[in-house]
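For reference, the chains in residue letters:
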Amino acid sequence: MKAIKIVTRAIIYPVIASILLWTCQSLLVPKYQVGIMEGAMMHEYYDSDMPHEVLFVGDCEVYENISTVKLYQEYGISSYIRGSAQQLVWQSYYILEDTLRYETPKVVVFNVLALKYAEPQHESYNRMTLDGLRWSPSKWHAIEESMTEKESMLDYVFPILRYHDRWKDLKPSDYEFWFHQNTNTFNGYYMRVDSLPERNFPPARPLNDPNLGRVPMSWLEKMYELCKENGIELVLMKAPTQYPYWYPQWDRQVMEFASSHGLDYFNYIHERDQIGLDMTVDTYDGGLHLNLSGAEKMATYIGAYLDSTYDLTDYRLDPEVSAKWDEVIAAYNELAAAQYAELEEYGELRSWGINAMEE
Amino acid sequence: MLFVSKEFVAFIAAVIAIYYICPKKFRWYVLLAASLFFYTMDDVRNLIYLAVTGVTSWGLCLILEHITSDASKSIKKIKDKEKKKEFKARVQRNKRIFMLLAVLIDLGILGFTKYADFVVSNVTALFSHRMRVTDVFVPLGISFYTFKTVSYVLDVYRGTSKAEKNFFKLVLFVTYFPQAVQGPISRWNNLSATLFEGKNAGLKPFASGLIRIFWGYFKKVVIADRLVVPVMALTHDHASYQGAYVFVAILMYAMELYCDFTGGIDITIGISECLGIKVEENFILPYFSKNIKEYWNRWHITMGSWFTDYIFYPLSVSPRMLKLSKWSRSKLGNAFGKRVTVYISCFLVWLATGVWHGAAWNFIVWGLLNFVVIMISQELEPLYKKFHGRFHLKDKAWYGAFEMLRTFFLMGMIRMLDCYRNVPVTFKSLGSMFTSWHMKVFTDGSLLEIGLDLKEYILIGICAVVLFLVSLYRYRTGRELREKISGSPDLTFACCLVLLMITIVFGAYGKGYNTSQFIYNQF
């Protein structure tokens, strides 16, 4: 009898402790459901139950610049963007490795802007990229590579240790999205319909070292090897946005890398006219990122290349997948309509982006 | 390795697990290894100082014991009374030489590492050319382990303790890691009784120890560390924060210091309870004291008893003091005359207590202020008695509460010498409470600009109520609440879990906070 009591307690106590810890943690971690949504994107991938033959990896230059819905609508390409704010090259590598646990895309498109970073940058970007990843050796390694000086692995394993102090700043959205979060992207694409014409950017500062770092280039090499091992075609791209500045010296090195490895590399800054981008209307933040119309033009352009170069399935003909895409399209249209309506009413978006941040 | 670090939490969990996995007779080796590891993690140089202290105390105490046992054998052979007396005096002289040697080495190291700069800079300042002795390494917890070692040497010298033959056992006594940072200052006879036995704690004491550890972390991490910021803000910029702000600083520092120090001691004693080791209590409801004498019987008890046993009593009964007592009684009358030597001893004890707390005039003045207040209250004692008797105040609960508050604020004011830059600034700031009190500080939102927001004030307020209620339970029943709780495994689990969650969520740690070292670590 006594033994049964001990065993029961040995089971029940940890379960109760874990539930309480998890409940508190769920409340205290940032939800990224209002205002800044980038931190919620990484996890959304796991909810997508359709195949993805094209995978985009990289930073904001992918998740804001390419409409996955347009790619599907025009070419039947089922794609996903696994990107997040300032996603570093080794993070992209491990995210690709993580993706391979679930599926093997035919083509991986990597945006090269992150090659400029040779070391971890900011904790906040790390957290937005890494917190949403499911636990796996890939996540563990990604954290190890990404931690800035004062970060610790324990804080990633138990995010409550990092976010506990938010008890003072809990907002209504923390309670609203305590146990369930919305899907805010469309297969990784983050939509904005407003527009702010491209401005004059400050002149490029001279480079101390014209070479891209050895570290990021080695991760690009690893990414290439990983794709090769899995029979994936790797494509390199530089998004058409001009700022942050992409130096010709860097461009040359990526070009050399691509040609020495037999990869395609597109610097879309040089192809803005062919894409049809009008940066007075196709960007929402003065030229840093594209808005919906710009992202759709970009999707049309890159889609033509993907469709003509690789043997990709036209999923519009697959009833099961197309049904799932129809749901995405419906949500996509609904959000676009809501944003346009708000834009017309106020002249700006108030429920999305920085304006929507809770006081 | 800070007590509040994640590494320390993992460390104590590992030590407790390994301790109980090992056979009983090897358990003290686990503690020895853990303690040496603890000091090494702080700085490997600690080991050099510990080795010097350990070897000299161990060796010289063995010699002391050898002299004593030799003498007791030899004295039996001496028949002549005069020769016996002479022999005893010679033995005592020899013992005193070795005792003094051991004490001087221990205190010499303490003096050099902690006070060299203070002494040199003050002495050279007298000659208009201030010199500094910087870059002296101060070993972790040197004040605490030196006092432990000195008490061991003196106890062996007095014959109240036996000298330990096993060097490593003495090293464990000196280095026992839970006591390294904040004490208590254990005595050999008390700690060694359970330190080397390796006995199982038993379920209830283990549960009680566990609750105490969590309670200690709650006090330290949730309350004390959160109050560090406003206390620093209020006392570092003393020019901006005068009058009512000083009153607020007194309240906050009283709470911070109490939670910091007693929190650390709770962790220390809690760990020891889990290991089946008995450690002396260091605090018994100090803020329930009705006068300063009582306060010092309840606050940092092991330090107080150390100074009483090893300085006050030996001084009071020393031949010179007895001579002085005789002289003063003949000159000043019996009643006052016999108190003169007591006050001189008391003065020296408080001077030493102040110096022990730190190499700064603030601490010396702090010690002397304690002495002055105790002396005045002693002198006024008959007057108080008359007053209390006349109005039957001793039976009144409200008067008891008034006495507690009076002692609380009096000690709180003296304690501010810890915080302000120097003595004049402290007195000026305390004085401003009586000259430039601005009530609007409490209503115009000024208190929200010293490092705490409204939610944090509410949190601190709730914590203060919880602390008070738990203390009140102890005050009323004479028992700790955890003793009741630890009788039930379910209650123990619930209590630990709640304390853990509160500490995790409401603790002032992580980014945005410079988790302060335990305040008493510096001593």
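If you're wondering where the values come from, they're calculated on a predicted model, not measured in any experiment.

*Asks:* Sorry, what's going on with the packing of helix H8 (residues 203–236) of chain B against helix H9 (residues 244–274) of chain B here?
*Replies:* Residue and element names in this part refer to chain B. Interaxial distance between H8 and H9 falls to 6 Å at its minimum, and their mutual angle equals 155°. Viewed along their axes, H8 and H9 adopt a mutual orientation that is roughly antiparallel. In the packing of H8 onto H9, the handedness of the crossing is left-handed. Among the residues making up the contact of H8 with H9, the classes are represented as 25 nonpolar, six polar and seven charged.

*Asks:* Would you explain the environment of B:Ser471 in this entry?
*Replies:* All names here are of chain B. Here Ser471 lies in helix H17 (residues 454–477). In this structure the C-alpha to C-alpha distance between Ser471 and His300, which are 171 residues apart in sequence, comes to 17 Å. Beyond its immediate stretch of four places on either side in the chain, Ser471 contacts Tyr258, Leu285 and Phe288.

*Asks:* What is the right way to read the sheet that holds strand E2 (residues 79–83) of chain A from this model?
*Replies:* Paired through backbone hydrogen bonds, the strands of a sheet run either parallel or antiparallel to each other. Residue and element names in this part refer to chain A. Sheet architecture is open: five strands sit in the order E2-E1-E3-E4-E5, paired in parallel fashion. Of all the strands in the sheet, the pair left with one neighbour each is E2 and strand E5 (264–267). In this sheet, adjacent strand axes meet at a mean angle of 20° when their direction is disregarded. Where strand E3 (residues 107–111) lies against strand E4 (residues 233–238), five bridges are found, and the strand directions are parallel. Its bridge partner being in E4, Val107 is matched across the sheet by Glu233.

*Asks:* Help me understand a nonpolar patch on the surface, please; the structure alone is not making it clear to me.
*Replies:* Among the surface-exposed residues, A:Val7, A:Ile11, A:Ile12, A:Val15, A:Ile16 and A:Ile19 lie close enough to one another that they form a single nonpolar patch of about 510 Å² accessible area. Structurally, A:Val7 can be placed in helix H1 (residues 2–28).

*Asks:* I keep staring at the pairing of E2(A) and nothing clicks. Help me out?
*Replies:* Look at any regular strand and the pattern is simple: side chains alternate between the two faces of the sheet. Residues and elements named next belong to chain A. Taken across its five residues, E2 has five buried, putting it largely inside the fold. Where burial is concerned, the two faces of E2 agree: the one with Ser79, Ile81 and Gly83 and the one with Tyr80 and Arg82 are both buried. In this structure, strand E1 (residues 54–58) lies alongside E2, joined through five bridges in parallel fashion. Paired with Val54 across the two strands is Ser79, which belongs to E2.

*Asks:* Just checking my understanding: could you explain helix H6 (residues 167–175) of chain B for this structure?
*Replies:* Given 3.6 residues per turn, any residue in an α-helix points the same way as the ones three and four places further on. Residues and elements named next belong to chain B. Among the nine residues in H6, seven count as buried, and that is most of the element. All of the buried residues in H6 are Phe167, Leu170, Val171, Leu172, Phe173, Val174 and Thr175. Here H6 starts with a cap whose side-chain oxygen sits 2.9 Å from the backbone nitrogen of Phe168, and that cap is Asn166.

*Asks:* In this structure, what is going on with the confidence of the model for chain B? I would like to understand it.
*Replies:* Atomic detail in the predicted coordinates should be set aside for any region of low pLDDT. Residue and element names in this part refer to chain B. Across chain B, pLDDT averages 90, with 97% of residues at or above 70. Taking the mean pLDDT of every element in chain B, the minimum, 87, falls on helix H12 (residues 319–332) and the maximum, 96, on H17. For the stretch residues 512–523, pLDDT sits under 50, and the model shows 51 contacts to residues farther than four places along the chain or on other chains.

*Asks:* I would appreciate a short explanation of the pairing of E4(A) in the present structure.
*Replies:* All names here are of chain A. Burial within E4 is extensive, with five of its six residues counted as buried. Where E4 lies against E5, four bridges are found, and the strand directions are parallel. Counterpart to Val235 in the pairing with E5 is Asp264. Crossover connection from E4 via helix H12 (residues 248–261) to parallel E5: handedness right-handed.

*Asks:* Honestly, the interface of chain B and chain A in this entry has me stumped. Any pointers?
*Replies:* With 18 residues of chain B at the interface, the matching set in chain A holds 22 residues. For the pair chain B and chain A, the summed buried area comes to about 1,800 Å², and 66% of that belongs to carbon and sulfur atoms. On inspection of chain B and its partner chain A, the count reaches three salt bridges. Our count for the chain B to chain A interface comes out at ten residue pairs in polar contact (both at pLDDT 80 or more). Grouping the amino acids of the side of chain B that touches chain A by side-chain chemistry returns ten nonpolar, one polar and seven charged.

*Asks:* Looking at this structure, how should I read a positive patch on the surface?
*Replies:* Residues and elements named next belong to chain B. A grouping of Lys79, Lys81, Lys84 and Lys88 is seen on the molecular surface, where their side chains present a positively charged patch. Mapped onto the secondary structure, Lys84 falls in helix H4 (residues 81–126). For Lys84, a relative accessible area of 33% puts it in the partly exposed group.

Definitions and limits used
Residues numbered from 1 in each chain as written. Chains lettered and ligands numbered in written order. Predicted model: local features only at pLDDT ≥ 70, side-chain atom pairs only at ≥ 80, totals over all residues. Heavy atoms only, no water. Axes fitted to C-alpha atoms, helices over the stretch in contact; angles between N-to-C directions. Helix = DSSP H or I, 4+ residues; strand = E, 2+ residues; numbered from the N terminus. Parallel < 35°, antiparallel > 145°, perpendicular 65-115°, else oblique. Left-handed = near helix turned anticlockwise from the far one by under 90°. Nonpolar A, V, L, I, M, F, W, Y, C, P; charged D, E, K, R; others polar. Contact = heavy atoms within 4.5 Å. Pairing = 2+ DSSP bridges. Patch = residues over 30% accessible without salt bridge, like charges linked within 9 Å, V, L, I, M, F, W, Y side chains within 5 Å. Areas by Shrake-Rupley, 256 points an atom, 1.4 Å probe, with all protein chains shown as cover. Salt bridge = Lys/Arg side-chain N within 4 Å of Asp/Glu carboxyl O. Buried < 20%, exposed > 50% of the residue type's maximum accessible area, 1.4 Å probe, protein only. Polar contact = N/O pair within 3.5 Å; in protein donor to acceptor, adjacent residues only side chain to side chain. pLDDT = per-residue confidence, 0-100. Right-handed = clockwise from strand over helix to strand, strands pointing away. Buried area = accessible area lost by both parts, 1.4 Å probe. Lys, Arg positive; Asp, Glu negative; His and termini not counted. Charge placed at Lys NZ, Arg CZ, Asp CG, Glu CD.

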